[in-house]
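# Residue-level structure breakdown
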Amino acid sequence: MDSLNSLIDGFGTALTPMNLLWAAIGVLLGTAIGVLPGIGPAMAVALLLPVTYGLDPTGAFIMFAGIYYGAMFGGSTTSILLNTPGESAAVVAAIEGNPMAKGGRGAQALAAAAIGHFAGGMIGTILLVVLAPTVASLAIGIGAPDYFAIMVLAFIAVTSVLGASRIRGIASLLIGLTIGLVGLDQMTGQQRLTFGSLQLADGVDVVIVAVGLFAIGEALWVAAHLRRSTGKPIPVGRPWLGRADLKRTWKPWLRGPVIGFPFGAIPAGGAEIPTFLSYVTEKRLSKHRDQFGKGAIEGVAGPEAAASASAAGTLVSMLTLGLPTTAVAAVMLAAFQQYGIQPGPLLFEREPELVWGLIASLFVGMVLLLALNLPLAPVWAKLLRIPRPYLYAGILFFAAVGAYAVGGESLDLVILLIIGLIGFGMRRYGLPVLPAVIGVILGPAAEQQLRRALQISDGSVSGLVNTPFSVTVYAIVVLIVAWPLISRLVLRRRGGRKTAEESRTVGGG
């Protein structure tokens, strides 16, 4: 009841004219910046930190929250329309959203993403209000073996459901893990695969990898096949969701937040893992599995709702523990410290107006985001009317600008081209792109958690399975790996019984 009263007071703060203005500016800036490949919400918040020096803390953080959610949706827009993720959390949106766009259903994909963000953000923020203390206490108890088990689950899940075969999925994952090895060893400081270049000491940025594999690889693939096709503009399609679309999306919109919120609250990869797991879940539960990979709307709705809910979960750990679980949360933590405020258990007591005004502004920001982007879905989708040679030339330009903006180094453009060529080769030989991206994102963190767990257990492998949580996760991993074999045995047994029954019937007749 105290939380509800505090939230009502927070709405009183968030709905003042100036704070509404900051929320609207944040949503607009976030969406516009998120559309640019390579400039995600973390960079957007970091770039705008100096601008907020003259603002009061409440107004500044309300604007930051608007930028966060707006940039996440903007990244999904380019993923869907141009197969160019604006940030790593938007990678999954490209898998089904881009085929939908190519099939003339770009507006429907954008609408499913916008409503998914709205539903995920609303449900996630409600859970933030209700469950923040509980989730924070659970996050404290999760250790290195648990984090490593979660990441193994993500690796196995994503390689098991994508591509023509598991072997190709594993090969793609190994490519990503190899790219993730580039840089300094986090435990010893030794250089790995840097070829003597100091610029590679920090590793290859995941945004460059995502943009290279998706955008550059796709542009090169299209260029290689343009001579064989007419290259006509792609039709936009109807700018609304039909009854059949709503029937297929309402359950993913509700399931996504259940997956996304808990993962946002623990330091296990931010929005990337829950979006991947949401996609896997929707593929498993869908009645239209044959459409996955060709433009299944469930594969857009669920992951986008999970991504938005994970953003709310991120705020749980940051506000209650002072623990940033994503790059955006780290930048926002720096902003708190800039104002002389230390997030933690006492923040709700010392700065109630700021905290509850920020939480209430999340509800306001979600409404503004939906009101802004739902009508604009057909406008964004008209990008696809541009003839493909010009469209993909523009993609190459903006991908290069985004990659250069990440570090400001010309070497980043060379790396972008090399990874783009790898992406082209993967398309040529039928390797799914997504396992490679998740390998780059989670590979270094998985290695670090593995080594920590082994150090704690003095090198004993049993240290990886010494908690109930990790045992549960590994049981799920075994089930995913063994499921095709189990289902095959069940089908064979059923087929055998059916044959036996038929033979009895024939014999009796």
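Structural notes, computed from the coordinates. (Residues numbered from 1 in each chain as written. Predicted model: local features only at pLDDT ≥ 70, side-chain atom pairs only at ≥ 80, totals over all residues. Heavy atoms only, no water.)

As a further point, take the side chain of Ser286. Topologically, Ser286 is positioned in the loop between α11 (272-285) and α12 (298-321). Within the local environment of Ser286, its side chain forms a polar contact with the side chain of Glu298, the two groups lying 3.3 Å apart. The contact partners of Ser286, leaving out residues within four places of it in the chain, are Phe292 and Glu298. (Helix = DSSP H or I, 4+ residues; strand = E, 2+ residues; numbered from the N terminus. Polar contact = N/O pair within 3.5 Å; in protein donor to acceptor, adjacent residues only side chain to side chain. Contact = heavy atoms within 4.5 Å.)

On to the packing of helix α5 (residues 91-102) against helix α9 (residues 206-225), then. Direction vectors running N to C along α5 and α9 enclose 15°, while the axes themselves pass 11 Å from each other. Taken as axis vectors, α5 and α9 run roughly parallel relative to one another. Considering the relative orientation of α5 and α9, their crossing is right-handed. Facing α5, whose interface residues are Val91, Ala94, Asn98 and Lys102, α9 presents Ala210, Phe214 and Glu218. Classifying every residue of the contact of α5 with α9 by side-chain character gives four nonpolar, one polar and two charged. (Axes fitted to C-alpha atoms, helices over the stretch in contact; angles between N-to-C directions. Parallel < 35°, antiparallel > 145°, perpendicular 65-115°, else oblique. Left-handed = near helix turned anticlockwise from the far one by under 90°. Nonpolar A, V, L, I, M, F, W, Y, C, P; charged D, E, K, R; others polar.)

Let us now look at the pattern of salt bridges. Tallied over the entire structure, the rule returns five salt bridges. Note that Glu282 is salt-bridged to Arg255, the shortest N-O span being 2.8 Å. Placement of the pair is Glu282 in helix α11 and Arg255 in helix α10 (residues 243-265), with a sequence separation of 27 residues. On the basis of relative accessibility, which here comes to 1%, the residue Glu282 falls in the buried class. One network of salt bridges, with partners in common, ties together Arg192, Glu447 and Arg451. (Salt bridge = Lys/Arg side-chain N within 4 Å of Asp/Glu carboxyl O. Buried < 20%, exposed > 50% of the residue type's maximum accessible area, 1.4 Å probe, protein only.)

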